[in-house]
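The chain contents come next:
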Amino acid sequence: MWCCNSHIYKRKKNTMNLKQGTQLQGGRYRIEKVLGQGGFGITYIGYDHNLQTRVAIKEYYPAHLVQRNKDDITVSALSGSDEDYQRGVERALRESRMAAGLRNIPGVVQVHNVFQANHTVYIVMDYVEGKTLSHYVQDHSGRVLLPEAIHLLAPVARALQALHSRNVIHRDVKPQNIFVNANGDYKLGDFGTAR
């Protein structure tokens, strides 16, 4: 599983992103805008028509292995990278299914759906409207005092304890993967390297 925050990636002309309004899974989900982009995927703000709520939708899109086709939706592996891309698709499915099994753990971004379409994988998860802990620290002059840090990180520590009790190790706990919403609730996301 990958990140889901409100740090907006600025879209350029003719980029690899899905266009605003793109419908996924038979029209259940609509792409609204890009949240972020990393080496292995693109995260969008989406809308779930069934639940009538905003969601984060992560598309497996390793830019070094694939390209967007002329229809602006489907992807295909670049020449010579078919095997690497297929292994990545299988890994993305395994990791997202593992993350979906972590339901009802407070402090963990919840996965609601995983599906394959357009020759790739999509993961639908909580949309945490707010900022990352990294941005929070930047907004506070790059420093947080120890009592505040303990208060901020206690929910994350409890989430990690619950994960460890299920024999899951996150392996990438960092301020960029901790999300805080407007109510001050913290959630741990990005299970892309979890085991």
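Remember, predicted model here, so these are calculated numbers, not experimental data.

**Regarding the environment of Leu153**
By secondary structure assignment, the location of Leu153 is in helix 3 (residues 146–165). Under the relative-accessibility criterion, Leu153 is labelled partly exposed at 35%. Measuring from C-alpha to C-alpha, the distance between Leu153 and Tyr186 comes to 7.8 Å, with 33 residues separating the pair along the chain. Setting aside residues no more than four positions away along its own chain, Leu153 makes contact with Leu133 and Ile178.

**Section: the packing of aromatic side chains**
Both the distance between ring centres and the angle between the ring planes are used here to describe each pair of aromatic rings. On inspection of all chains with the given rule, the structure shows three aromatic pairs. For the pair Phe115 and Tyr122, a centre-to-centre distance of 5.3 Å together with 25 degrees between the ring planes defines the contact as stacked. According to the relative accessible area criterion, Phe115 is buried, its value standing at 7%.

**A short note on the nonpolar core**
Leu24, Tyr29 and Ile57 are the most contacted members of the largest nonpolar core, which has 33 residues in total. Of all the secondary structure elements, the ones that give two or more residues to this core are strand 2 (29–37), strand 3 (41–48), strand 4 (53–60), helix 1 (82–100), strand 7 (111–117) and strand 8 (120–126). Sequence-distant contacts of Leu24, defined by excluding residues within four places in its chain, comprise Leu18, Tyr29, Ile31, Ile57, Phe115, Asn118 and Tyr122. In terms of nonpolar packing, the next biggest core, distinct from the first, is built from 15 residues, Val108, Tyr136, Leu152 and Val180 among them.

**Some words on the pairing of strand 3**
Within strand 3, seven of the eight residues are buried, leaving the element largely enclosed by the surrounding structure. Two elements, strand 2 and strand 3, share seven bridges in a ladder whose sense is antiparallel. Across the sheet, residue Arg30 finds its bridge partner in strand 3, namely Tyr47. Between strand 2 and strand 3, which pair antiparallel and follow one another directly, the connecting turn spans three residues. Bridge analysis of strand 3 against strand 4 gives eight bridges, and the strand direction is antiparallel. Across the sheet, residue Ile42 finds its bridge partner in strand 4, namely Glu59. Two successive antiparallel strands, strand 3 and strand 4, enclose a turn made up of four residues, where Gln52 displays a positive phi of approximately 55 degrees.

**Observations concerning helix 3**
Taking 1.5 Å per residue as the helical rise, helix 3 with its 20 residues ought to reach 28 Å, and the 27 Å between its terminal C-alpha atoms agrees with that figure. Looking at helix 3, one finds that the buried residues are Ala149, Leu152, Val156, Ala159, Leu160 and Leu163. Buried positions along helix 3 lie against helix 2 (133–139), strand 10 (178–181) and strand 11 (186–188). In the segment just after helix 3, Asn167 is the residue with positive phi, at about 60 degrees.

**Topic: the sheet that holds strand 4**
Taken in spatial order, the six strands line up as 1-2-3-4-8-7 in an open sheet, and their pairing is antiparallel. Edge positions in the sheet fall to strand 1 (23–24) and strand 7, since each has one partner strand and no second. In the packing of helix 1 onto the sheet, contacts are made with strand 4, strand 7 and strand 8, and the angle to strand 7 comes to roughly 160 degrees.

**Points about the confidence of the model for the protein**
Put simply, the protein has an average pLDDT of 85, and 90% of its residues get 70 or more. The weakest mean pLDDT in the protein belongs to strand 11 at 82; the strongest belongs to strand 1 at 98. The model gives residues 1–14 a pLDDT under 50, and that stretch makes 57 contacts with residues more than four places away or in other chains.

**Describing the sheet that holds strand 9 (residues 130–132)**
Read across the open sheet, the three strands follow the order 9-10-11; overall the sheet is antiparallel. Here the strands that pair on one side only, and so sit at the sheet edges, are strand 9 and strand 11. Direction aside, neighbouring strands of the sheet carry axes that sit 25 degrees apart on average. On top of the sheet, helix 3 reaches strand 10 and strand 11; it is set at about 35 degrees to strand 11, its chief contact.

What counts, and where the lines are drawn
Residues numbered from 1 in each chain as written. Predicted model: local features only at pLDDT ≥ 70, side-chain atom pairs only at ≥ 80, totals over all residues. Heavy atoms only, no water. Helix = DSSP H or I, 4+ residues; strand = E, 2+ residues; numbered from the N terminus. Buried < 20%, exposed > 50% of the residue type's maximum accessible area, 1.4 Å probe, protein only. Contact = heavy atoms within 4.5 Å. Phe/Tyr/Trp six-rings, centres within 6.5 Å; stacked < 30°, edge-to-face > 60°. Core = buried A, V, L, I, M, F, W, Y, C linked by side-chain atoms within 4.5 Å. Pairing = 2+ DSSP bridges. Expected span 1.5 Å × (residues − 1). Axes fitted to C-alpha atoms, helices over the stretch in contact; angles between N-to-C directions. pLDDT = per-residue confidence, 0-100.

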